[in-house]
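Given next are the chains, with one letter for each unit.
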Amino acid sequence: MRAILSSLLLVLPFLAQPAAAQDAAAGERSFNKCRACHQVGESARNMVGPELNGLIGRHSGAVEGYSYSAANKNSGLTWDEATFTDYIKDPRAKIPGTKMIFAGIKNEKEIKDLIAFFKQFDKDGKKL
């Protein structure tokens, strides 16, 4: 009985944690790959790419003042977690004709963390 209890005490901490929790701090570090072209936050502005405030839930091609490709404007996509995950793995495969030149992020955990980082910002760049 004692051996069983000892085993349970070793296993319980792992059972209590989600398998792949999103980590916004890790997502912020991952966002460094995006900073050359994109900004997020209250002072974010369009650069080579559009600002990414309020990304999750936004329609593609919807940031005012940014000149999107016709492919992006006409894609009909709404950026939810699944759509963004597919897109960021290979942007040109998801939206053929996009202007975005990026090799992609293949690591599922890194993508989840990046999404957690984006979800912190509302459409005005204020942290929720």
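K.L.:
Explain the overall build of the protein to me, please; I cannot follow it from the model alone.
P.N.:
Along the backbone of the protein there are six helices and zero strands. Secondary structure elements in the protein, listed N-terminal to C-terminal, are α-α-α-α-α-α. In the protein, which comprises 128 residues, the share counted as buried stands at 34%. Contacts in the protein between residues far apart in sequence, at least 24 positions, make up 43% of those at least 6 positions apart.

K.L.:
It is not clear to me how helix α6 (residues 108-118) should be interpreted in this structure. Could you clarify?
P.N.:
An α-helical turn contains 3.6 residues, so any two residues separated by three or four positions project in the same direction. Judged by how many residues are buried, α6 sits mostly within the fold: eight of 11 residues are covered. Taken together, the buried positions of α6 are E110, I111, D113, L114, I115, A116, F117 and F118. Considering only its buried residues, α6 is in contact with α2 (24-30) and α4 (81-89). A side-chain oxygen of the first residue of α6 lies 3.0 Å from the backbone nitrogen of K109; this N-cap is N107.

K.L.:
Honestly, the side chain of D113 in this entry has me stumped. Any pointers?
P.N.:
For D113, the position within the fold is in helix α6. The class of D113 is buried, set by a relative accessible area of 6%. For D113, the residues in contact, after removing those within four places along its chain, are A21, Q22, D23, A24, A26 and G27.

K.L.:
What am I meant to see in the packing of aromatic side chains here?
P.N.:
Any aromatic ring pair is given by two values, namely how distant the centres are and how the planes are angled relative to each other. Under the criterion given, the structure shown has seven aromatic pairs. Judged by centre distance (5.3 Å) and plane angle (40 degrees), the ring pair of F31 and F117 falls under tilted. Placement of the pair is F31 in the loop between α2 and α3 (70-73) and F117 in helix α6, with a sequence separation of 86 residues. A relative accessible area of 0% places F31 in the buried class.

Scoring rules and cut-offs
- The written sequence of each chain sets the order in which its residues are numbered from 1.
- Reporting in this predicted model follows two pLDDT cut-offs: at least 70 for local features of residues, and 80 or more for side-chain atom pairs to be given and counted; totals over whole chains, interfaces and linings ignore these cut-offs and use all residues.
- Note that the side-chain values use all heavy atoms of the structure and ignore hydrogens as well as water.
- Strands here mean DSSP runs of E at least two residues long; helices mean DSSP runs of H or I at least four residues long; both are numbered from the N terminus.
- Accessible area is worked out with a 1.4 Å probe on protein chains only. A residue is then buried under 20% of its type maximum, exposed over 50%, and partly exposed in between.
- Contact criterion: two residues are considered in contact whenever any of their non-hydrogen atoms come within 4.5 Å of each other.
- As used in this structure description, the phrase polar contact means that two N or O atoms lie within 3.5 Å; if the pair is within protein, one of them must be able to donate a hydrogen and the other to accept it, and residues adjacent in sequence are counted only when both atoms belong to side chains.
- Two rings from Phe, Tyr or Trp (for Trp, the six-membered ring) form a pair when their centres are within 6.5 Å of each other. A pair whose planes differ by under 30 degrees is stacked, one over 60 is edge-to-face, and the rest are tilted.

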